[in-house]
Amino acid sequence: MSFSILIAIAIFVGIISYYLWIWSFWIRKGVKGPRGLPFLGVIHKFTNYENPGALKFSEWTKKYGPVYGITEGVEKTLVISDPEFVHEVFVKQFDNFYGRKLTAIQGDPNKNKRVPLVAAQGHRWKRLRTLASPTFSNKSLRKIMGTVEESVTELVRSLEKASAEGKTLDMLEYYQEFTMDIIGKMAMGQEKSLMFRNPMLDKVKTIFKEGRNNVFMISGIFPFVGIALRNIFAKFPSLQMATDIQSILEKALNKRLEQREADEKAGIEPSGEPQDFIDLFLDARSTVDFFEGEAEQDFAKSEVLKVDKHLTFDEIIGQLFVFLLAGYDTTALSLSYSSYLLATHPEIQKKLQEEVDRECPDPEVTFDQLSKLKYLECVVKEALRLYPLASLVHNRKCLKTTNVLGMEIEAGTNINVDTWSLHHDPKVWGDDVNEFKPERWESGDELFFAKGGYLPFGMGPRICIGMRLAMMEMKMLLTNILKNYTFETTPETVIPLKLVGTATIAPSSVLLKLKSRF
Ligand code: HEM
């Protein structure tokens, strides 16, 4: 046998052993869980749009309990639905779990110049988070209220027209138009409402529909293929939807920079009022350069990345892109679930309308009135408890080997919360766990947070940064609809909802009628 054949056999055996070693990781640790197939683990269970992967977790939790292990290609993941464990990982031991589960196609978070907040790690994340946080302060939200109001008016007008014609409406589609309109104006430099004629909507919908597709799966099994595909996509942008959207963002950002330069040359003073996220990011400044406890070496030595107190062009594009994706889908889904639950619980809807009529008696709803709508807040929180639509993002990567509640977790292991099981756990929520009962929130929510039992927006320092914007959009729109209309089911309404999705969990449709209250 020639030497080269021996080498080939050795490489082949080496590769097979490596994959078997990873696949048997939890078996060797004595941690139970679904084993799936060698090489794949259970990664192939997360690509079927008709059968959402996040719901698979719940099936396995029933079988294996609140802590079990899976492998997904080369990744090792511990799936948890024990509130104390969740709290330990997301809050108490954040310093050991400050990364997220990523695959090679998403790029190296420490090298990618456009790393979005959602993927960034360590000091890079800390800096981006500090720079982006003021965007969602009460002061900033108040400033962008006008943008939200404009889209609310536009949507209510369309609903008015469609309901006058007695149509059954797929509320999900209306809400997608609404959130895309807002995020288009906030993140893409879109100057006016493009509702029902926004060319971006289909592109963004495709990203969600195909979020965890075969490319994602291959990248999870063969990281080197993921890296190669990433490079190919970068060279041939037309092959990838995401790059296409990024080039639109680049145009919007360049246009704003040119406009600022022209204003400066003409001696026009900046108004000081940010129009949108682009302005907010361009003006953002931070005093935080490094993540506490981390040495500067890897960041400072890098050729590509420079420590700066303001965001670079590439960083802004990365953040606009993730805000666009994160802000569009999640909020539309939350609105859809809330509307469905109100339509199927008329007594709760009536109580909510009474609150809306009492707190917002004038035709125009103001920013300050929104904070008085306590029952509405309970309704949305309860809808998100029953339908934690973003549960696949409830994950962390362990970056320092540690011990959690007596279990050793090695660096490199991912933690994924099975939020559907957690949010439907009678031990946390009581025997009425499956009921839609907004009243459970009336006594305050600290208890559930402290227990680690409720995380629709995540938990700890990496909790969703856009949570307050999402709440503002939802409250503003629902208030304006409920002032004039009542959601009603029709024979076409799918009850219970059929759930689909890959990256997030969506209802297949939310077919409702809007009955005029007057
Ligand atoms: C109802 C609507 C929303 C839901 C349910 C939701 C849910 C989530 C969840 C579960 C996470 C992960 C948190 C964690 O790991 O602890 C997250 C992170 C994030 N969300 Fe949201 N989100 C919503 C709206 C928004 C909006 C409107 C934006 C921006 C415009 C946004 C931007 C982000 C970003 C940038 C992150 C990453 C934060 C970080 O890693 O520091 N989200 N979101």
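UniProt annotates the protein chain as Putative cytochrome P450 CYP13A7 originating from Caenorhabditis elegans. Recorded under Cofactor, the UniProt text for the protein chain is reproduced unchanged: "heme".

Engineer: Tell me about the packing of aromatic side chains, residues and numbers included.
Structural biologist: A complete count under the given rule lists 21 aromatic pairs for this structure. Taking the centre distance of 4.5 Å and the plane angle of 55° together, the rings of W441 and Y454 count as tilted. A residue pair is termed long-range when its members are at least 10 positions apart, and W441 in the loop between α19 (426–429) and α20 (446–451) and Y454 in the loop between α20 and α21 (467–484) qualify at 13 residues. Stacked on the ring of F25, the Lys or Arg K76 has its end atom at 4.7 Å from the ring centre. Here R385 stacks its cationic end above the ring of W429, 5.2 Å away from the centre of that ring.

Engineer: Give me the lowdown on the coordination of the iron atom of the ligand, citing residues and values where you can.
Structural biologist: In this structure the iron atom of the ligand is ligated by exactly one protein donor, C464 (SG), at 2.3 Å. Take C464: it is sitting in the loop between α20 and α21.

Engineer: Residues and numbers for empty space enclosed by the protein, please.
Structural biologist: Taken as a whole, this structure holds 1 cavity of 30 Å³ or more when the rule is applied. The volume enclosed by the largest cavity comes to roughly 40 Å³. Around the largest cavity sit F25, W26, K29, L78, M407, E408, I409, E410 and T413, which together line it. Taken together, the residues of the lining of the largest cavity sort by class into 5 nonpolar, 1 polar and 3 charged.

Engineer: Just give me the short version of the environment of V215, but keep the residues and values in it.
Structural biologist: Structurally, V215 is set in helix α9 (residues 214–221). V215 gets classed as partly exposed once you look at its relative accessible area, which sits at 30%. Considering only alpha carbons, one finds V215 and G226, 11 residues apart in sequence, at a separation of 7.8 Å.

Engineer: Please provide a residue-by-residue account of the pairing of strand β1 (residues 67–72), values included.
Structural biologist: When you tally the buried positions in β1, you get 5 out of 6 residues, the bulk of the element. By the bridge criterion, 6 bridges tie β1 to strand β2 (residues 75–80) in an arrangement that is antiparallel. From the neighbouring strand, T71 faces β2, where its bridge partner is K76.

Engineer: So what's going on with the site of the ligand? Which residues, and what values?
Structural biologist: In the vicinity of the ligand lie 29 residues, with R100, W125, R129, R396 and C464 positioned nearest. R129 is positioned with one of its side-chain polar atoms (N or O) 2.8 Å from an oxygen atom of the ligand. Within the contact set of the ligand, an oxygen atom lies 2.7 Å away from a side-chain nitrogen or oxygen of R396. Only α5 (122–132), α14 (313–344) and α21 provide two or more residues apiece to the shell around the ligand. With 6 residues, the top contributor of residues to the shell around the ligand is α14. Its residues assigned to classes, the shell around the ligand comprises 18 nonpolar, 7 polar and 4 charged.

Engineer: Before we move on, could you go through the nonpolar core and cite the residues and values that matter?
Structural biologist: Y175, M180, F277, Y387, L477, I481 and F487 are the most contacted members of the largest nonpolar core, which totals 125 residues. Counting residues per element, this core draws most heavily on α14, at 17 residues. I80, V404, I415 and L455 belong to the second-largest nonpolar core, a separate cluster that totals 19 residues.

Engineer: Go over helix α8 (residues 200–209) with me, naming the residues and quoting the values.
Structural biologist: Within the sequence span of α8, burial applies to M200, L201, V204, I207 and F208. Each buried residue of α8 lies within a common arc of 125° when the element is viewed along its axis, so the set occupies one face.

Engineer: Go over a nonpolar patch on the surface with me, naming the residues and quoting the values.
Structural biologist: A contiguous nonpolar surface patch, about 400 Å² in accessible area, is contributed by F3, I7, I11 and I15. Relative to the elements of secondary structure, F3 occurs in helix α1 (residues 3–23). Here F3 falls in the exposed class, since its relative accessible area comes to 63%.

Engineer: Quick one: what's the story with the side chain of R256, residue by residue and with numbers?
Structural biologist: Summarising the element assignment, R256 is placed in helix α11 (residues 241–265). Dropping the residues within four chain positions of it, R256 is found in contact with G189, Q275, D276, I278, D279 and L282.

Engineer: An account of unusual backbone geometry is requested, with residue identities and associated values reported.
Structural biologist: Here the bond from I495 into P496 is cis, since omega is -10°, no more than 30 degrees from zero. Assignment of secondary structure puts P496 in the loop between β8 (485–489) and β9 (499–500). We note that F39 has phi near 75°; this positive angle belongs to a residue other than glycine. Looking at the element boundaries, F39 is found in the loop between α2 (25–29) and α3 (53–64). For F196, which is not glycine, the phi dihedral falls at a positive 70°. Note that F196 resides in the loop between α7 (171–187) and α8.

The rules behind each value
- Throughout this document, residue positions are counted from 1 along each chain, in the order its sequence is written.
- Per-residue local features of the predicted model are confined to residues with pLDDT of at least 70, and side-chain atom pairs are confined, for both listing and counting, to 80 or more; whole-chain, interface and lining totals are unaffected and use all residues.
- Excluding hydrogens and water, the side-chain values take into account all heavy atoms of the structure.
- UniProt positions are given in the numbering used here, feature names are shortened, and annotations may be inferred rather than shown by experiment.
- By convention, a stacked pair of Phe, Tyr or Trp rings (six-membered ring in the case of Trp) has centres within 6.5 Å and planes under 30 degrees apart, an edge-to-face pair has planes over 60 apart, and any other such pair is tilted.
- Think of it this way: any DSSP run of H or I at least four residues long counts as a helix, any run of E at least two long counts as a strand, and we number them from the N terminus.
- Whether a charge sits over a ring comes down to the Lys NZ or Arg CZ being within 6 Å of the ring centre and within 35 degrees of the ring normal.
- Metal donors: N, O and S atoms at distances within 2.8 Å, or within 3.2 Å for Na, K and Ca, with water omitted from the atom set so that some sites may seem incomplete.
- Think of a 1 Å grid over the protein atoms and nothing else: a 1.4 Å probe that fits but is trapped marks a cavity, an open set flanked by protein within 12 Å on at least five of seven lines marks a pocket, and residues with an atom within 4 Å of a point count as lining.
- Grid points are joined across faces, edges and corners, and a volume is the space filled by probe spheres set on the points.
- Under the grouping applied here, Gly and all other residues not named as nonpolar or charged are polar, the nonpolar ones being Ala, Val, Leu, Ile, Met, Phe, Trp, Tyr, Cys and Pro and the charged ones Asp, Glu, Lys and Arg.
- We call a residue buried when its accessible area falls under 20% of the maximum for its residue type, exposed when it is over 50%, and partly exposed in between, using a 1.4 Å probe and counting protein chains only.
- Strand pairing requires that DSSP identify at least two bridges connecting the strands.
- Residues are labelled near a given molecule or strand when at least one of their non-hydrogen atoms is within 4 Å of it.
- For the purposes of these results, a polar contact is taken to be a pair of N or O atoms within 3.5 Å, where, inside protein, one atom must be able to donate a hydrogen and its partner to accept one; residues adjacent in sequence count only when each atom of the pair is a side-chain atom.
- Think of a nonpolar core as a cluster: buried Ala, Val, Leu, Ile, Met, Phe, Trp, Tyr and Cys residues, connected wherever their side-chain atoms sit within 4.5 Å.
- Think of the arc as the fan of directions from the helix axis to the C-beta atoms.
- Think of a patch as exposed residues, more than 30% relative accessible area, with no salt bridge, where like charges cluster within 9 Å and nonpolar side chains (Val, Leu, Ile, Met, Phe, Trp, Tyr) cluster within 5 Å.
- A 1.4 Å probe and the Shrake-Rupley method give the accessible areas. Residues count as covered only by the protein chains that appear here.
- Each salt bridge in this description consists of a side-chain nitrogen of Lys or Arg and a carboxyl oxygen of Asp or Glu lying within 4 Å of one another.
- Any two residues having at least one pair of non-hydrogen atoms within 4.5 Å are treated as being in contact.

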